[in-house]
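# Architecture at a glance
One letter stands for each residue in the lines below.
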Amino acid sequence: MIALLSAGIAPALALMTFFYLKDRFNSEPLLPIVRSFINGALLVFPIMFVQYAFVAENVAQDPLISSFLLTGLMEEFFKWFIFIFTVYKFADFDTPYDGIIYGVAISLGFATVENILYLFAHGIEYAFSRAVFPVSSHALFGVIMGYYLGKAKFKTTQPKRTMSIGLVLPFLLHGTYDYILQTSERNWIFILIPFMVILWLNAIKKVKQANQSMEQCHVPIKEVK
């Protein structure tokens, strides 16, 4: 039990720490990050219930529809929705990079519960592959979402358009990820590894861009709370 829980939680802690420490100018307080993580975790249960209902009724089970609508759009929309209504107006959300921190926290909250449930159902031997692929991909989708929501709040003259990009891009990438898994039975790893490399390179680029935008705005360094 303890081993399974540890294996389920450890990847999220490692990824959250990585992106938290990439903030070059500010140390975001931990309480709102934890709260965002919990909000993301709570999303799993209603989403899984709806997805299970579609599977049980054999509705919308075509790989394209299932990957992009039932998984990609549904999961990323509710993460985006939670971000907009619980984070976007936070007083602590006061720099562009904070968007990445909170986007990753929400996504990793979701991924952690999903990961723990999967490991309990299938065994701890899947812990490494789950950490490298599903958990990491959720974090990277969260980077993209958070980057554009941070940009919408602080850097753009078209915030609604930029906020929409913060939903559409993660949804399309998430749908593509699931479509690869559903349609490439034996060779999925040879397609998914390059896909994950591209996601990581893009995420690191977004991290640098968010930090650079803060530098250009001369964001003051906050006290660690």
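Each remark here, short or long, concerns the structure printed above.
Criteria and cut-off values
Residues numbered from 1 in each chain as written. Predicted model: local features only at pLDDT ≥ 70, side-chain atom pairs only at ≥ 80, totals over all residues. Heavy atoms only, no water. Helix = DSSP H or I, 4+ residues; strand = E, 2+ residues; numbered from the N terminus. Contact = heavy atoms within 4.5 Å. Areas by Shrake-Rupley, 256 points an atom, 1.4 Å probe, with all protein chains shown as cover. Patch = residues over 30% accessible without salt bridge, like charges linked within 9 Å, V, L, I, M, F, W, Y side chains within 5 Å. Salt bridge = Lys/Arg side-chain N within 4 Å of Asp/Glu carboxyl O. Buried < 20%, exposed > 50% of the residue type's maximum accessible area, 1.4 Å probe, protein only. Polar contact = N/O pair within 3.5 Å; in protein donor to acceptor, adjacent residues only side chain to side chain. Axes fitted to C-alpha atoms, helices over the stretch in contact; angles between N-to-C directions. Parallel < 35°, antiparallel > 145°, perpendicular 65-115°, else oblique. Left-handed = near helix turned anticlockwise from the far one by under 90°.

A few words on the overall build of the protein chain. Counting its regular elements, the protein chain contains 7 helices and 0 strands. Ordered by position from the N terminus, the helices and strands of the protein chain form the series α-α-α-α-α-α-α. In terms of overall dimensions, the protein chain has a C-alpha envelope of 50 × 40 × 30 Å along the principal axes. Taking as baseline every contact in the protein chain between residues at least 6 positions apart, the subset at least 24 positions apart corresponds to 81%. Carbon and sulfur atoms make up 68% of the accessible area of the protein chain, which totals about 11500 Å².

So, on to a nonpolar patch on the surface. Side chains of Met 1, Ile 2, Leu 5, Ile 9, Leu 13 and Phe 120 sit close together on the surface and give an oily, nonpolar patch of about 610 Å² of accessible area. The biggest single contributor to the nonpolar patch is helix α1 (residues 2–21), with 4 residues. Within the fold, Ile 2 resides in helix α1. Residue Ile 2 is classed as exposed on the basis of its relative accessible area, which comes to 67%.

Topologically, Thr 95 is positioned in the loop between α3 (63–86) and α4 (96–122). Reaching out from Thr 95, the side chain makes a polar contact with the side chain of Asp 98 at a distance of 3.0 Å.

Taken N-terminus to C-terminus, the directions of α1 and helix α5 (residues 127–154) make an angle of 40 degrees; their axes are 10 Å apart at the nearest point. Viewed along their axes, α1 and α5 adopt a mutual orientation that is oblique. The chirality of how α1 crosses α5 is right-handed. Contacts between α1 and α5 involve Ala 7, Pro 11, Ala 12, Leu 15 and Phe 19 from the first element and Ala 127, Ala 131, Val 135, Ser 136, Ala 139, Leu 140 and Val 143 from the second.

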